[in-house]
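Residue strings, one per chain:
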Amino acid sequence: MFGENLRCLVVVGAQWGDEGKGKLVDVLSERADLVVRYQGGANAGHTVVIGESQFILRLIPSGILHPTTTCVLGNGVVIDPESFFAELDGLAARGIGTEGRILVSDRAHLVLPYHKLLDLAAEQSQNIGTTKRGIGPAYEDKYGRRGIRVGAVLDPAHLESLLPERIHRANQILALAGMAERASLDEHVALLRAVGPRLAAMAGDAGLALHRALRAGKSVLLEGAQGSLLDVDHGTYPFVTSSNTTAGGAAVGAGLGPTSIQGVLGVVKAYTTRVGNGPLPTLAEGPLEEELRRIGHEFGAVTGRPRRCGWFDTVVVRYAARVNGLTGLAVTKLDVLDGFDRIPVGVAYTLNGHRVDEMPSDVAALERATPVFETMEGWRASTADARTMADLPAAARRYLDRLERLAETPIRYVSVGTRRDQIIEVR
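On a predicted model such as this, the values are computed, not experimentally measured, just so you know.

### Regarding the overall build of the protein
Each helix and strand counted, the protein has 12 helices and 20 strands in total. Relative to its length of 427 residues, the protein is compact, with a C-alpha radius of gyration of 21 Å against a globular reference of 22 Å. Viewed in the frame of its principal axes, the protein has a C-alpha envelope of about 65 × 50 × 40 Å. In the protein, which comprises 427 residues, the proportion classed as buried is 57%.

Take a look at the structure:
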């Protein structure tokens, strides 16, 4: 169990994101000394419900809602300082104390206003379906060795000397793209002068802090953003995010050696959703998709965009189990399926007349694939009050048993509602 014999656990999405990682991290954070966000930026939103209150966290780890937990933004994260401090101030306004509880890696890269303009220009030409929050261009600058890291705020004069060249380059790209708007040097200087001292007070060597914490016997929970099928290497490329969302990215993005990680929990919905462009083989048809979206409130926490909805896809989840090395699954939103008489489960694809049991690497092939469904009996009863597996209707238990066998990964948690207490821990 995490926090006892298991001191370092990664929580990853095992579909296309929006799986309910925020709730699982919030539940597990009660046992964590440190919670670490290791990749992504303000394009990801984790929703946590406490009583009647709902919190949407974009950059700050979900563990912030536990008063004794330290939260870390690792070097693999790209940080929009405006969004970060707006989120911090919003938490303070709701009575959540964050003073002294947040460490920001001095190796993390900044997302600045010119990155957002570049993202808008790129999306107009590529139509990938990004959130247009500057995440991709910030990662491009990182790997192009022209990024600006958090540690630069410790030397304001040097930081300001970096800006003219980068803004000039961004404006050249914007002009070539036919964009009328331009990045302003004065705006960037003013922003960094305003946020720099506050950010500098939180900056430090996050990898060293985590290493020392583990050596001292503390518990570290590594929180991923987005989902495995959005990983830039292992996802449905090019309809992916700009970072490694899979568990291997946790070690790199937090500054830990891979042998520090003792377990990987994959979070999946009891069905499948996707926001943005790209293939979704098990997409539900017509009214059934709309019913899933309505019951599951399937709209993006950050963007508000409606999610496409379909049935559980075991090809996707089995693939995610392999590339992440999953040691367990958490199944969320089982309660959304409470009212269905029959529930299809995607068990394979048909492609070019042949059955396919493994994920194609080519997105065009995946677009052509048609799902092979098994149909399970629904349970037509509420699962919201279940707190043990024995409390679930027999048909719901059979459904979960089938998912576990198909995914070849043991189910460790089942979520049956949005609240903290609506969770089943499978021993």
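### Some words on the sheet that holds strand β1 (residues 8-13)
Judged by pairing direction, the sheet is mixed, and its 10 strands sit side by side in the order β9-β7-β5-β2-β10-β1-β11-β15-β19-β20 without closing on themselves. Either end of the sheet is taken by a strand with one partner, and the two such strands are β9 (203-204) and β20 (423-425).

### Overview of helix α5 (residues 156-176)
Here α5 spans 31 Å end to end across 21 residues, near enough to the 30 Å set by a 1.5 Å rise per residue. Leu-163 marks the point of greatest bend in α5, at about 25°, and the proline Pro-164 comes within the next four residues. Residues of α5 that are buried: Leu-159, Leu-162, Leu-163, Arg-166, Ile-167, Ala-170, Asn-171 and Leu-174. Following α5 by one or two positions, Gly-178 adopts a phi angle in the positive range, close to 80°.

### As for the packing of aromatic side chains
Aromatic ring pairs are defined here through the distance separating the ring centres and the angle between the ring planes. In the structure shown here, the tally under the stated rule is three aromatic pairs. On the numbers, 5.7 Å between centres and 55° between planes, the contact of Trp-379 with Tyr-399 is tilted. Here Trp-379, found in the loop between β18 (370-377) and α12 (394-407), pairs with Tyr-399, found in helix α12; they are 20 residues apart in sequence, far enough to count as distant. Both residues of the pair, Trp-379 and Tyr-399, count as buried. The cationic tip of Arg-94 hangs over the ring face of Phe-55; the distance from NZ or CZ to the ring centre is 4.0 Å.

### Quick word on helix α4 (residues 135-143)
For the α-helix, the turn length of 3.6 residues means that residues three or four positions removed from each other point alike. Where α4 is concerned, the buried positions are Ile-135, Gly-136, Pro-137, Ala-138, Tyr-139 and Asp-141. Positive phi appears at Arg-145, one or two residues downstream of α4, with a value of about 65°.

### Here's the deal with the side chain of Ser-29
Locating Ser-29 in the fold gives a position in helix α1 (residues 21-29). Take Ser-29: its relative accessible area is 1%, and that puts it in the buried class. If we skip the residues at most four places from it in the chain, Ser-29 touches Val-35, Ser-62, Gly-63, His-66, Thr-69 and Leu-221.

### Some remarks on the packing of α5 against helix α6 (residues 185-200)
Two elements in contact, α5 and α6, have axes whose closest approach is 10 Å; the angle formed by their N-to-C orientations is 150°. Comparing the axis directions of α5 and α6 gives the class roughly antiparallel. Between α5 and α6 the crossing geometry is right-handed. In contact with Leu-159, Glu-160, Leu-163, Pro-164 and Ile-167 of α5, α6 contributes Leu-185, His-188, Val-189, Leu-192 and Arg-193. The residue makeup of the contact of α5 with α6, split by class, is seven nonpolar, one polar and two charged.

### Some points on the environment of Met-389
Within the element layout of this structure, Met-389 appears in the loop between β18 and α12. Setting aside residues up to four positions removed in sequence, Met-389 forms contacts with Arg-397, Leu-400, Val-414, Ile-424 and Val-426.

### Things to note about the pairing of strand β16 (residues 342-351)
Burial within β16 is extensive, with eight of its 10 residues counted as buried. The pairing of strand β14 (residues 312-313) with β16 spans two bridges and is classified as parallel. Note that in β16 the partner of Phe-312 across the bridge is Val-345. Strand direction decides the pairing type here: β16 and β18, joined by eight bridges, are antiparallel. Bridging across to β18, Ala-348 finds its partner in Val-372. Bridging between β16 and strand β17 (residues 354-356) involves three bridges; their strand directions are antiparallel. Looking at the pairing, Leu-351 lines up with His-354 of β17. Hairpin geometry of β16 and β17 is characterised by an intervening segment of two residues between the two adjacent antiparallel strands and by a positive phi of about 55° at Asn-352.

### Here we look at the state of the cysteines
Under the defined criterion, the tally for this structure stands at zero disulfides. Cys-71 supplies the cysteine sulfur nearest to Cys-8, a cysteine that is in no disulfide, at a spacing of 15 Å.

### Observations regarding the nonpolar core
Of all hydrophobic cores here, the largest spans 58 residues; its most connected members are Val-10, Leu-222, Leu-292, Leu-334, Leu-337 and Tyr-399. In terms of residue count, α12 provides more of this core than any other element does, seven residues in total. Non-local contacts of Leu-222, meaning those with residues more than four positions away in its chain, are made with Cys-8, Leu-9, Val-10, Val-11, Val-36, Tyr-38, Ala-250, Ala-254, Leu-256 and Ile-261. Membership of the second largest hydrophobic core comes to 45 residues, among which are Leu-73, Leu-163, Leu-174 and Leu-199.

### Some details on the side chain of Thr-383
Note on placement: Thr-383 falls in the loop between β18 and α12. A relative accessible area of 1% means that Thr-383 is categorised as buried. If near-sequence neighbours (up to four positions away) are discounted, Thr-383 is found in contact with Leu-334, Asp-335, Asp-338, Leu-392, Pro-393 and Val-416.

### Overview of the pattern of salt bridges
Following the criterion strictly, the structure yields 23 salt bridges and no others. For Asp-26, the salt bridge is made with Arg-420, and the minimal N-O distance between the two is 2.7 Å. Remark: Arg-420 occurs in the loop between β19 (411-415) and β20 and Asp-26 occurs in helix α1; sequence separation between them is 394 residues. Residues participating in the shared-partner salt-bridge network are Asp-18, Lys-269, Glu-298, Arg-307 and Lys-333.

Parameters at a glance
Residues numbered from 1 in each chain as written. Predicted model: local features only at pLDDT ≥ 70, side-chain atom pairs only at ≥ 80, totals over all residues. Heavy atoms only, no water. Helix = DSSP H or I, 4+ residues; strand = E, 2+ residues; numbered from the N terminus. Rg over C-alpha atoms; globule rule 2.2 N^0.38 Å. Buried < 20%, exposed > 50% of the residue type's maximum accessible area, 1.4 Å probe, protein only. Pairing = 2+ DSSP bridges. Expected span 1.5 Å × (residues − 1). Bend = angle between axes of the 7 residues up to and from the residue. Phe/Tyr/Trp six-rings, centres within 6.5 Å; stacked < 30°, edge-to-face > 60°. Lys NZ or Arg CZ within 6 Å of the ring centre and 35° of its normal. Contact = heavy atoms within 4.5 Å. Axes fitted to C-alpha atoms, helices over the stretch in contact; angles between N-to-C directions. Parallel < 35°, antiparallel > 145°, perpendicular 65-115°, else oblique. Left-handed = near helix turned anticlockwise from the far one by under 90°. Nonpolar A, V, L, I, M, F, W, Y, C, P; charged D, E, K, R; others polar. Disulfide = S-S within 2.5 Å. Core = buried A, V, L, I, M, F, W, Y, C linked by side-chain atoms within 4.5 Å. Salt bridge = Lys/Arg side-chain N within 4 Å of Asp/Glu carboxyl O.

Take it as geometry only, folks, not as evidence of what the structure does.
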